[in-house]
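Each chain, written out:
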Amino acid sequence: MPGQKLAFPGRNYLFAPGPTHIPNEVMNAMVVPQEDHRAPDLPELVLPLLKDLNKVFGTKKGQSFIFPATGTAGWEIALANTLSPGDKILTSRFGQFSHLWYDLAKRIGIEVELVDVTWGQGVPVAEFKKILRADKEHKIKAVVACHNETATGVMSDMGALGKAIKDVKHPALYMVDGVSSIASVNFQMDEWGVDVAVSGSQKGFMLPAGMALICFSQKALAARKTAECPRCFLDIQDHINTNKDGFFPYTPSVPMLRGLRAALDLLFDEGLENVYARHHRLAEGVRRAVKAWGLKPCAAAPKWYSDTVTAILAPPSVNAAEVIHIAYHRYNISLGAGLSQVAGKVFRIGHLGDNSDVRMMAALGGVEMAMRDAGIRIKPGSGVGAAVEYYRSTAKKDIPAFKAPGAAAPKTRAKRKTATRKKTAK
Ligand SMILES: *Cc1c(COP(=O)(O)O)cnc(C)c1O
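Quantities reported herein were computed from a predicted structural model and do not represent experimental measurements.

Right, let's get into the pairing of strand 4 (residues 111–116). By the bridge criterion, six bridges tie strand 3 (residues 88–93) to strand 4 in an arrangement that is parallel. Across the sheet, the residue bridging to S92 is V115, located in strand 4. With respect to chirality, the unit in which strand 3 leads through helix 4 (residues 96–107) into the neighbouring parallel strand 4 is right-handed.

Following this line, the structure appears as structure tokens:
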């Protein structure tokens with residue numbers, strides 16, 4: 001309308017590491033009239049969902065739960081259902097999310113042995129192993145780790161930590177925050193010996209925020225019987241009692257359950273292995289772009305590189321928050337902010353969930369423009385060019401052979417007839 005501020009054409013692209021783009025299939029699945037959450041056929045939706053979540057968590061023996069909450073509640077569900085006030089856990093802090101789980105543990109009365117690690121690095125497996133080995137009395141009741149530190153773009157080796165716990169034969173429960181990794185990168189709860197895995201709906205699961213998705217091993221399930229942390233809304237026992245028949249202890253968001261069904265179908269149709277390979281490839285293109293810009297990721301070494309988010313260090317003369325500000329207001333893309341210790345120092349490109357080569361090119365193009373506007377002297381096209389070449393060289397090869405229209409295609413009978421008719425008409 002005349003005089004009205006024009007909305008951006010196209011859409012706002014979410015290149016923050018969550019919430020992520022919701023695929024059309026998932027969005028459509030959620031546009032349903034409100035359903036009766038006690039309908040006798042609701043279990044037909046719920047029971048397969050709980051079973052299928054196990055596949056994403058990489059477990060045959062575990063039990064998945066869906067809470068109407070977010071990842072933060074998942075942290076509390078993990079601790080409150082397995083521990084008692086005063087119990088000690090071992091964890092490390094190297095970013096805002098590993099900090100927040102530590103903080104939550106303290107606030108609900110858990111004692112925490114904290115290993116502070118320079119931001120940009122990840123879980124100190126060797127140091128944890130030493131601490132666990134020295135803990136002869138088994139005072140440490142749980143080892144708590146952030147698989148993918150979303151604030152710094154650092155991914156840690158959760159298999160290696162699981163092995164370390166096993167190696168020293170420590171009986172502690174092993175809890176992992178997989179909010180920004182599960183459903184995007186390989187996650188093997190059984191193989192790695194993980195006892196509680198925590199995730200949320202708005203990242204790799206490509207849904208709106210509003211669901212905490214958690215999985216407990218048999219060992220963690222058993223721990224609930226002696227765990228004395230107060231809990232009510234977050235008590236898995238009420239879910240265990242009702243989930244077995246395909247229901248919930250309180251009103252679930254049925255539209256989100258429908259969305260979760262669609263999201264899981266998309267993940268399984270693509271194949272989880274292919275989903276993981278896609279995330280690695282898209283991430284690698286972003287990393288090539290960062291290198292070509294002459295910039296550095298916050299992740300201190302390649303072994304820490306995350307396949308779901310890259311935090312990029314801005315040159316010291318530029319406030320990274322300005323890049324994000326310009327990207328949003330001028331180019332309509334959302335980037336991840338620098339949090340806490342790295343506020344103003346990094347901006348983050350999320351490359352998880354419903355993304356493709358071309359979507360990442362939009363991210364990189366937008367970031368290049370915003371960076372130049374903010375005064376970062378990168379060569380235009382440098383990062384984009386590096387990603388173009390990487391994505392091209394690793395793109396799928398099996399596409400139909402190209403034939404120029406009208407060139408060598410053999411004429412069919414019908415076509416010949418039309419051709420003759422046209423001639424006679426002249
Ligand atoms: C996003 C995120 C969370 C928090 O999830 P909320 O859904 O915002 O509560 C926790 N851990 C990690 C690693 C995350 O990326």
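Right, let's get into the site of the ligand. Close to the ligand lie T70, G71, T72, W75, F97, N148, T150, D177, V179, S180, Q202 and K203. In this structure, an oxygen atom belonging to the ligand sits 3.0 Å away from a main-chain N or O atom of G71. Side-chain polar atom of T72 to an oxygen atom of the ligand: 2.6 Å apart, as the coordinates give it. Here the ligand, which alone exposes 380 Å², has 88% of that area covered by the protein. For the shell around the ligand, the element with the highest residue contribution is helix 3 (residues 71–80), accounting for three residues. Among the residues making up the shell around the ligand, the classes are represented as three nonpolar, seven polar and two charged.

Attention now goes to the domain arrangement of the protein chain. Split by domain assignment, the protein chain resolves into domain 1 (13–18 + 272–394) and domain 2 (25–269). Put simply, the middle of domain 1 and the middle of domain 2, counted by C-alpha atoms, are 28 Å apart. Across the contact, 26 residues belong to domain 1 and 30 residues belong to domain 2. Buried surface at the junction of domain 1 and domain 2, summed over both partners, amounts to about 2,100 Å²; 64% is from carbon and sulfur atoms. Seen at the junction of domain 1 and domain 2, the total is zero salt bridges. Applying the counting rule to domain 1 against domain 2 returns eight residue pairs in polar contact (both at pLDDT 80 or more). When residues of the side of domain 1 that touches domain 2 are traced back to their parent elements, those giving at least two are helix 11 (272–293), strand 12 (309–313) and strand 14 (346–350). Top contributing element to the side of domain 1 that touches domain 2 by residue count: helix 11, with four residues. Class assignment of the residues belonging to the side of domain 1 that touches domain 2 gives a composition of 15 nonpolar, seven polar and four charged.

Bringing the packing of aromatic side chains into the picture now. Taken as a whole, this structure holds six aromatic pairs when the rule is applied. Between F233 and Y250, the aromatic rings sit 4.6 Å apart at their centres with planes inclined by 25 degrees, giving stacked as the arrangement. Taken together, the positions of F233 in the loop between helix 8 (218–223) and helix 9 (236–243) and Y250 in the loop between helix 9 and helix 10 (254–270) put the pair 17 residues apart, joining distant regions of the chain. Accessibility expressed as a relative area gives 40% for F233, which makes it partly exposed. Its guanidinium or amino end placed over the ring of F268, K55 lies 4.9 Å from that ring's centre, counting from NZ or CZ. In this arrangement the basic side chain of K203 is found over the ring face of F97, its NZ or CZ atom lying 5.3 Å from the centre.

Relative to the elements of secondary structure, R278 occurs in helix 11. The spatial distance from the C-alpha of R278 to the C-alpha of S356 is 8.0 Å, given a sequence separation of 78 residues. Each residue touching R278, except ones within four places of it in the same chain, is listed here: E270, G353 and N355. In terms of polar contacts, R278 uses its side chain to reach the backbone carbonyl oxygen of N355, at 3.2 Å.

Relative to the helices and strands, E368 resides in helix 13 (residues 357–373). Here the alpha-carbon distance between E368 and F65, two residues 303 residues apart in the chain, equals 41 Å. Setting aside residues up to four positions removed in sequence, E368 forms contacts with W293, I378, K379, P380, G381, S382, G383 and V384.

Our next topic: the sheet that holds strand 10 (residues 212–216). As summarised here, the arrangement of the seven strands in space is 2-10-9-8-5-3-4, forming an open sheet in which the pairing is mixed. Looking at strand neighbours, the two that pair on one side only are strand 2 (63–67) and strand 4, the edges of this open sheet. Between one strand and the next, the sheet's axes are offset by a mean angle of 20 degrees, whatever the strand orientation. The pairing of strand 8 (residues 173–177) with strand 9 (residues 196–200) spans three bridges and is classified as parallel. By the bridge assignment, M175 is partnered in strand 9 with V196. Lying on the sheet, helix 4 is in contact with strand 3, strand 4, strand 5 (140–146), strand 8 and strand 9; it crosses strand 3 at an angle near 155 degrees. Across the sheet, helix 9 touches strand 2 and strand 10, and the angle it forms with strand 2 is around 105 degrees.

In this section: the environment of A386. Note on placement: A386 falls in helix 14 (residues 382–394). According to the relative accessible area criterion, A386 is partly exposed, its value standing at 22%. Residues A386 and L90, spaced 296 residues apart in sequence, show a C-alpha to C-alpha distance of 41 Å. If near-sequence neighbours (up to four positions away) are discounted, A386 is found in contact with R288, A289 and A292.

Reading the values: rules and limits
- Residues numbered from 1 in each chain as written.
- Predicted model: local features only at pLDDT ≥ 70, side-chain atom pairs only at ≥ 80, totals over all residues.
- Heavy atoms only, no water.
- Pairing = 2+ DSSP bridges.
- Helix = DSSP H or I, 4+ residues; strand = E, 2+ residues; numbered from the N terminus.
- Right-handed = clockwise from strand over helix to strand, strands pointing away.
- Near = heavy atom within 4 Å.
- Polar contact = N/O pair within 3.5 Å; in protein donor to acceptor, adjacent residues only side chain to side chain.
- Areas by Shrake-Rupley, 256 points an atom, 1.4 Å probe, with all protein chains shown as cover.
- Nonpolar A, V, L, I, M, F, W, Y, C, P; charged D, E, K, R; others polar.
- Domains from an automatic or database assignment.
- Contact = heavy atoms within 4.5 Å.
- Buried area = accessible area lost by both parts, 1.4 Å probe.
- Salt bridge = Lys/Arg side-chain N within 4 Å of Asp/Glu carboxyl O.
- Phe/Tyr/Trp six-rings, centres within 6.5 Å; stacked < 30°, edge-to-face > 60°.
- Buried < 20%, exposed > 50% of the residue type's maximum accessible area, 1.4 Å probe, protein only.
- Lys NZ or Arg CZ within 6 Å of the ring centre and 35° of its normal.
- Axes fitted to C-alpha atoms, helices over the stretch in contact; angles between N-to-C directions.

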